[in-house]
Amino acid sequence: MSAPTTPDLLALDRAAQDLLFRAARTANTFTDEPVTDAQVAAIHDLIRYGPTALNGQPLRVLLLRSAAARARLLPYVSSGNRAKTASAPLTAILAADVDFHLRLPELFPHRPQARDWLTDRAVRAEQARFNAALQIGYLLVGVRAAGLAAGPMTGFDAAAVNREFFPDGRHQTLLLMNVGRPGPDAWRERPPRLSTSEVVRTL
């Protein structure tokens, strides 16, 4: 990892920068050390302040701890993700609540009419998915802030997971995430990242 060229421009100290970004990796193996409810609550208490449109906060998290719960999920997970999902101490199903707008009078009180802006379910679902994806990004950083490793995965049958765990149709699964302490050989070689000049343009 190369040192940043202008570390004085970042408010976080170097150790925090490394914990959250440079040294953090997607984990593929985990130890059997449990992830506690207290850790989950601390992570959520941190990341819940991340912004979402209309303060809608549509992300919903279903934690799978028991072997029985994990067994319900594994048939819908791709073969490459199955073993690490079975052995991780905690797997989270991350979903968007399509009916998040029902809470807007409480969460966005200075615009009490905001709920009525989202009567079209298709429009609402698109907004729910977009903003829940934002929250997943905050969650990933929050897991790292707790000193844990995350293994986010898209290799699964989302429609089948929805039928199995969210049969009411209100929630749409976006991602699975294994969480825990990294185990042996947890990391693959890190692939390259795009440079600032390749990403950022100025007009």
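Preceding this paragraph is the structure being described.
Residues numbered from 1 in each chain as written. Predicted model: local features only at pLDDT ≥ 70, side-chain atom pairs only at ≥ 80, totals over all residues. Heavy atoms only, no water.

Engineer: Let's hear about the overall build of the protein chain: which residues, and what values?
Structural biologist: Within the protein chain, the secondary structure is distributed over 8 helices and 4 strands. When the helices and strands of the protein chain are listed from N to C terminus, the series reads α-α-β-α-α-β-α-α-β-α-β-α. Taken over the C-alpha atoms alone, the protein chain extends approximately 50 × 50 × 35 Å along its principal axes. Here the protein chain, with 203 residues, has 39% of them falling under the buried criterion. Working note: accessible area of the protein chain is about 11,800 Å², and carbon and sulfur atoms make up 57% of it. Looking at charge distribution, the protein chain has the averaged site of its 24 positive side-chain charges lying 2 Å from that of its 19 negative ones. (Helix = DSSP H or I, 4+ residues; strand = E, 2+ residues; numbered from the N terminus. Buried < 20%, exposed > 50% of the residue type's maximum accessible area, 1.4 Å probe, protein only. Areas by Shrake-Rupley, 256 points an atom, 1.4 Å probe, with all protein chains shown as cover. Lys, Arg positive; Asp, Glu negative; His and termini not counted. Charge placed at Lys NZ, Arg CZ, Asp CG, Glu CD.)

Engineer: Describe the sheet that holds strand S4 (residues 171-180), and please don't skip the residues or the numbers.
Structural biologist: Strand order in the open sheet formed by 4 strands is S1-S2-S4-S3, with antiparallel pairing between adjacent strands. If you trace the sheet from one side to the other, it starts and ends with strand S1 (59-64) and strand S3 (149-153), each paired once. With strand direction ignored, the average angle separating the axes of adjacent strands in the sheet is 30°. Taken together, the 8 bridges between strand S2 (residues 90-97) and S4 define a ladder with antiparallel strand orientation. Looking at S4, one finds that Leu94 is bridged to Leu175. On top of the sheet, helix H7 (residues 158-165) reaches S1, S2 and S4; it is set at about 90° to S4, its chief contact. (Pairing = 2+ DSSP bridges. Axes fitted to C-alpha atoms, helices over the stretch in contact; angles between N-to-C directions. Contact = heavy atoms within 4.5 Å.)

Engineer: An account of the layout of surface pockets is requested, with residue identities and associated values reported.
Structural biologist: What the largest pocket holds in volume is close to 400 Å³. In terms of lining residues, the largest pocket is bounded by 20 residues, among which His44, Ile47, Leu59, Val61 and Leu139 are the most central. Of the residues that constitute the lining of the largest pocket, the class distribution is 13 nonpolar, 4 polar and 3 charged. (1 Å grid on protein atoms, 1.4 Å probe; cavity = no way out; pocket = protein on both sides within 12 Å on 5 of 7 lines; lining within 4 Å. Points joined across faces, edges and corners; volume = space filled by probe spheres on them. Nonpolar A, V, L, I, M, F, W, Y, C, P; charged D, E, K, R; others polar.)

Engineer: Quick one: what's the story with a nonpolar patch on the surface, residue by residue and with numbers?
Structural biologist: A contiguous nonpolar surface patch, about 310 Å² in accessible area, is contributed by Leu194, Val199 and Val200. Looking at the element boundaries, Val200 is found in the segment after helix H8 (196-199). (Patch = residues over 30% accessible without salt bridge, like charges linked within 9 Å, V, L, I, M, F, W, Y side chains within 5 Å. Salt bridge = Lys/Arg side-chain N within 4 Å of Asp/Glu carboxyl O.)

Engineer: Break down the pattern of salt bridges for me, with residues and values.
Structural biologist: Under the definition given, this model contains 10 salt bridges. Note that Arg181 and Glu33 form a salt bridge whose closest N and O atoms lie 3.4 Å from each other. Here Glu33 lies in the loop between helix H1 (14-22) and helix H2 (37-47) and Arg181 lies in the loop between S4 and H8, a separation of 148 residues in the sequence. Relative accessible area serves as the criterion here: at 38%, Glu33 is assigned to the partly exposed category. The shortest N-O distance in the salt bridge between Glu164 and Arg72 comes to 2.8 Å. Here Glu164 is found in helix H7, whereas its partner Arg72 is found in helix H3 (residues 67-73), with 92 residues between them in sequence. Here the salt bridges do not stand alone but share partners, grouping Arg14, Asp18 and Arg22 into one network.

Engineer: Residues and numbers for the environment of Leu73, please.
Structural biologist: Here Leu73 is to be found in helix H3. Assessed through its relative accessible area of 0%, Leu73 is described here as buried. When near neighbours in sequence (up to four residues on either side) are disregarded, Leu73 contacts Leu64, Thr85, Thr91, Ile93, Val161, Phe165 and Leu176.

Engineer: Can you tell me about the packing of H1 against helix H6 (residues 121-145), naming the residues and giving the values?
Structural biologist: Relative orientation of the contacting elements H1 and H6 amounts to 130°, with a least axis distance of 9 Å. Viewed along their axes, H1 and H6 adopt a mutual orientation that is oblique. For the crossing formed where H1 meets H6, the hand is right-handed. Side by side, H1 and H6 meet where Leu19, Leu20 and Phe21 of the first sit next to Val141, Arg144 and Ala145 of the second. In terms of residue class, the contact of H1 with H6 is made up of 5 nonpolar, no polar and 1 charged. (Parallel < 35°, antiparallel > 145°, perpendicular 65-115°, else oblique. Left-handed = near helix turned anticlockwise from the far one by under 90°.)

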